[in-house]
Each structure stands twice: as C-alpha cells, then as structure tokens.
Amino acid sequence: MSKFILYISMIILGFIFIPSYANCLNIDSTNIESKTKDTLVFCYNCDTLRQTLVFQRIDDFKIDFELTSYNRLKNEIKRCDELGIKYIVVHPGASVSLDRKVALKNIVDALNYVINVDTDVIVLLETMAGKGTECGKNIEEIKYLLNNVIFKNKIGVCLDTCHLSDSGVDIANFDSYLKEFDNLIGIDKIGCIHINDSKNPLGSKKDRHENIGYGYIGFDNLINVIYNDKLKNVPKILETPYIGEYPPYKFEIEMISKKKFNPNLTKDVIEFYKNL
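Throughout what follows, the structure given in this document is the object of discussion. What you see is a predicted model; the values in this text were computed from it and never measured.

### Some remarks on the pairing of strand β4 (residues 122-126)
Part 1: Of all five residues making up β4, four are buried, and the element is well covered by its neighbours.
Part 2: Where strand β3 (residues 87-91) and β4 come together, four bridges link them in parallel fashion. Bridge pairing links Tyr-87 to Ile-122 in β4.
Part 3: Once the chain exits β3 it traverses helix α4 (residues 100-114) before rejoining the sheet at β4, and the crossover so formed is right-handed.
Part 4: One ladder, built from four bridges, connects β4 with strand β5 (residues 155-160); its direction is parallel. Within the sheet, the bridge partner assigned to Glu-126 lies in β5 and is Cys-158.
Part 5: In this view, the connection linking β4 to its parallel neighbour β5 by way of helix α5 (residues 139-148) has right-handed handedness.

Structure representation (structure tokens):
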C-alpha cells in the first residue's frame, strides 16, 4: 500500500460541497489551513498527495441559466485555490433538448470561460453513466472536450467505475479500456478514480452506486482497477453508499487493503457503530 491513496469522498467534501447553490459562503482565510487538514482523512501515504477534490456540475445550458452556471463553477475553482486544493471534479452536464454537438460545444465554451492562464486548479471531467442526456458518457466525448479546451495542461479526467460500467464499459476488461483511453487521450490525463460498485448490470445507464463487491462489477474487478500498475500514483476515492445510517468506509478500506472480500460487511458495520 506504499503508493496507494484512498480518500473517503463524503468526508472530504463535507464543508465545501454545495453544488446546488449559485452563491456559496465566503471562506474564512483564518481557518483555511485547519479545515484543509481536516479533509485529508482515511488516506494512505498522504505525503504523496496534499490536496483534496470537490465536485461541481455544469448544468444543462439553458440561455437564462448558463452564465450563472459558469460563474458558479468559476467561484468553486476560486474557492479551491483559496483552500490550496489542486483539483476539482466536474460533471460535464446534459444536453436536455439541445443537439448533442451543440451541447458539447457549450461545455467547451463554459470550460474556456472558467479556465484561463491564471488558473492554478486543474479541472477533471468525470466519465458519466449515460443516464438521460448526460454528456461525457464515452471516450470520444471526453476526448472532444479535452481537445477543445484552450489550456490543455489545466484539464484532465476522473474515471468512475460505476459510471463506466453503466455506460457499457466492462470493468472485467479494464486493461482493454485503459489501452483505448491511452491511445485516444493518454493515461497521464487521469487525475483520480472514483471506486464504486454498481447496483445495475453492464450498460444499464442508471448510475446507482453499490458497496464494494456487492454489485454487478464485483470485488476482484475493482481490486484490479485499484491496484493497476499504470494507475498506482492516481488517487482512488470511495463513493459507496451508507449502510443504513452508517458509513462503511473503514471496513471497505480493510477489504481493499487485504484484497479480501468481506461477506459480512453490513453486519460488521452496524455492529461497530452501535457499539461505539
């Protein structure tokens, strides 16, 4: 585990994840250092990566809302910079009623609006499941977005195993996907990976996360992604659901560390928190 980094997404995002609001509270500069330290939890070998990630979504590009959406993302990038956060993960958005090509161009315009020569934060576009009219559901769409951003050194990709599977990528053949990704985009553009199982079968286009080893992707396939030699320095983030009201991350991390599936995860999580 010497070079393996695993973050707990829900905890990391705790105090700055407010994607639904156009205006967020200003950050108190006197508390930045302590709050940023608090976000680095459940992390192996934190010295190799001293930054966290947050989420923001570029919504569908309706004329009366697009500038607000652009500015919201711009503000989130500014907040990341103030906190010393180096990456921000972005859901590209959805075309809704727009022509697909127009929607993709709008996303490029939004990214070029918020990313400039002075931007220190790297924007990572997340691979999407293809639910509804989501953009970024395959390598070709992600490639188009990356190729048309002006400042290419300030843009990258966040892979999500649940989204990939639901979009039709077989995680059992992840090396084949990675080879295609490398040929079309480049592995060096992968800035982080969301590790999730899926509640739905391959190609379902649903985007419903499941606990590690309890979904259709399977434990061994996810372990192969996590420990893939080509991605050994890429941070992996758990986004798996709570079990009832309890976070399962302590036990999922143990499974991942030992590379051994726990068939009693639900029981162990509930008993642990009830006995605290």
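### Focus: the packing of aromatic side chains
Part 1: Within this structure, the stated rule accounts for eight aromatic pairs.
Part 2: Here the aromatic rings of Tyr-177 and Phe-181 are separated by 6.2 Å at their centres, their planes lie at 45°, and the arrangement is tilted. Here Phe-181 and Tyr-177 lie together in helix α7 (residues 174-184), a separation of four residues that amounts to about one turn.
Part 3: Exposure remark for Tyr-177: the relative accessible area of 8% places this residue in the buried category.
Part 4: Residue classification places Phe-181 among the buried residues on the basis of a relative accessible area of 1%.
Part 5: Here the aromatic rings of Tyr-214 and Phe-261 are separated by 5.0 Å at their centres, their planes lie at 50°, and the arrangement is tilted. With Tyr-214 in the loop between β8 (209-210) and α8 (219-226) and Phe-261 in the loop between α9 (249-258) and α10 (265-274), the pair connects residues that are 47 residues apart, well separated along the chain.

### Brief notes about unusual backbone geometry
Part 1: Although it is not a glycine, Val-96 adopts a positive phi angle of roughly 55°.
Part 2: Position of Val-96 among the secondary structure elements: in the loop between β3 and α4.
Part 3: Of note, the phi angle at Lys-205 is positive, near 55°, even though the residue is not glycine.
Part 4: You can see Lys-205 is positioned in the loop between β7 (197-198) and β8.

### Side note on the side chain of Ser-95
Part 1: Considering the arrangement of structural elements, one finds Ser-95 in the loop between β3 and α4.
Part 2: Judged by relative accessible area, Ser-95 falls into the buried class, the value being 5%.
Part 3: Here Ser-95 is in contact with Arg-100, Ala-103, Thr-133 and Cys-135, once residues within four sequence places are set aside.

### A short note on the layout of surface pockets
Part 1: Taken as a whole, the second largest pocket spans an internal volume of roughly 160 Å³.
Part 2: Considering the residues around the second largest pocket, the lining is formed by Lys-74, Ile-77, Lys-78, Asp-81, Val-114, Asn-116, Asp-118, Thr-119, Asp-120 and Val-121.
Part 3: Here the lining of the second largest pocket takes four residues from helix α3 (residues 66-83), the largest share from any one element.
Part 4: Considered class by class, the residues forming the lining of the second largest pocket number three nonpolar, two polar and five charged.

### Quick word on the nonpolar core
Part 1: Core analysis: the largest hydrophobic core is formed by 57 residues, its most contacted members being Val-123, Leu-125, Leu-159, Phe-174 and Ile-190.
Part 2: The biggest single contributor to this core is α4, with six residues.
Part 3: For Ile-190, the residues in contact, after removing those within four places along its chain, are Val-157, Leu-159, Leu-178, Phe-181, Leu-231 and Val-234.
Part 4: Grouped together as the second largest cluster of nonpolar side chains are five residues, Val-89, Leu-124, Cys-158 and Cys-192 included.

So, how was this worked out
Residues numbered from 1 in each chain as written. Predicted model: local features only at pLDDT ≥ 70, side-chain atom pairs only at ≥ 80, totals over all residues. Heavy atoms only, no water. Buried < 20%, exposed > 50% of the residue type's maximum accessible area, 1.4 Å probe, protein only. Helix = DSSP H or I, 4+ residues; strand = E, 2+ residues; numbered from the N terminus. Pairing = 2+ DSSP bridges. Right-handed = clockwise from strand over helix to strand, strands pointing away. Phe/Tyr/Trp six-rings, centres within 6.5 Å; stacked < 30°, edge-to-face > 60°. Contact = heavy atoms within 4.5 Å. 1 Å grid on protein atoms, 1.4 Å probe; cavity = no way out; pocket = protein on both sides within 12 Å on 5 of 7 lines; lining within 4 Å. Points joined across faces, edges and corners; volume = space filled by probe spheres on them. Nonpolar A, V, L, I, M, F, W, Y, C, P; charged D, E, K, R; others polar. Core = buried A, V, L, I, M, F, W, Y, C linked by side-chain atoms within 4.5 Å.

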